[in-house]
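Structural overview
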Amino acid sequence: MSSTHSARLAPFQPETVWTLRDGTLVETRGLKVRGFPLSALTRFRLAAAPKGGRRRVLQLSFGRETMVIIAQSYVGPGRAEDRLDGFSAFVRALARQAADAAPRAQFALARIEARPALTWVAGFLGVGVVALLASSVSAGMAGVGVDMAARMGFVLILLLAALPWLSRGDAFDPRDPPRDLLP
């Protein structure tokens, strides 16, 4: 049994067709074809526009590879064709098959996450601490540099300590996806 969904992702790209057949998800974009067995699925994230509407996005992770499937198709500048009905049927079939093929995969609703932003801020702060220490030592003001770097390092520790408590999105049952997102 095969199920398909198609959409044009960008102006200068051919239409992308996603086909689900025999436990494999195949993405065809022009001459480029790539397929992933559903047993390799690690993350299934479904998202909607923050202010409602009919825009939906599905992000699938197969280890380090990702695939994005959208419900709207690009028509022209500022215009998109709504294909939510076909998208919903396709994603429901995909979720059911993926639940059977990859029982360890994470099925969650995507939310605007602060984790990546906080991780980048912590990384830049760490680089800043090292740069401050290096410049203060080279300028002969090691005492001031160590004092400021200690304060910045404390803030860095607090930021990293907050990471485990940030939301990763609500999980859902793949055999019964939320009706408000997939009508």
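Going by the structure above, here's the rest.
The structure displayed is predicted, hence computed values, not measured ones.

Moving on to the nonpolar core. Counting residues in each nonpolar core, the largest one holds 30 residues, and the members touching the most others are Leu25, Leu60, Ile69 and Leu94. For this core, the elements supplying multiple residues, two or more each, are β2 (16-21), β5 (43-48), β6 (56-62), β7 (65-70), α1 (84-101) and β10 (106-109). The element best represented in this core is α1, accounting for nine residues. Here Ile69 is in contact with His5, Trp18, Leu25, Arg56, Val57, Leu58, Leu60, Phe87, Phe90 and Leu94, once residues within four sequence places are set aside.

Moving on: helix α3 (residues 142-162). Helix length check: α3, at 21 residues, gives a terminal C-alpha distance of 30 Å against a target of 30 Å (1.5 Å per residue), a fit within 8%. Turning to α3, its buried residues number three or more, namely Gly145, Ala149, Gly153 and Leu156. Here the buried residues of α3 occupy an arc of 65 degrees about the axis, which is enough to place them on one side. Projecting away from the buried face of α3 at angles above 90 degrees are the exposed residues Gly143, Arg151 and Phe154.

Turning to the sheet that holds β6, a few remarks are in order. Where strands meet in a sheet, backbone hydrogen bonds hold them as pairs that are either parallel or antiparallel. The strand order β7-β6-β5-β10 describes an open sheet built from four strands, whose pairing is mixed. For this open sheet the edge positions go to β7 and β10, each flanked by a neighbour on one side alone. The sheet shows a mean angle of 15 degrees between the axes of neighbouring strands, direction not considered. As paired strands, β6 and β7 are joined by six bridges and run antiparallel to one another. Note that in β7 the partner of Gln59 across the bridge is Val68. Of the strands in this sheet, β5, β6, β7 and β10 touch α1, which is tilted by about 30 degrees from β6.

Calculation rules
- Residues numbered from 1 in each chain as written.
- Predicted model: local features only at pLDDT ≥ 70, side-chain atom pairs only at ≥ 80, totals over all residues.
- Heavy atoms only, no water.
- Core = buried A, V, L, I, M, F, W, Y, C linked by side-chain atoms within 4.5 Å.
- Buried < 20%, exposed > 50% of the residue type's maximum accessible area, 1.4 Å probe, protein only.
- Helix = DSSP H or I, 4+ residues; strand = E, 2+ residues; numbered from the N terminus.
- Contact = heavy atoms within 4.5 Å.
- Expected span 1.5 Å × (residues − 1).
- Arc of directions from axis to C-beta.
- Pairing = 2+ DSSP bridges.
- Axes fitted to C-alpha atoms, helices over the stretch in contact; angles between N-to-C directions.

Function cannot be inferred from these measures alone, as they are strictly geometric.
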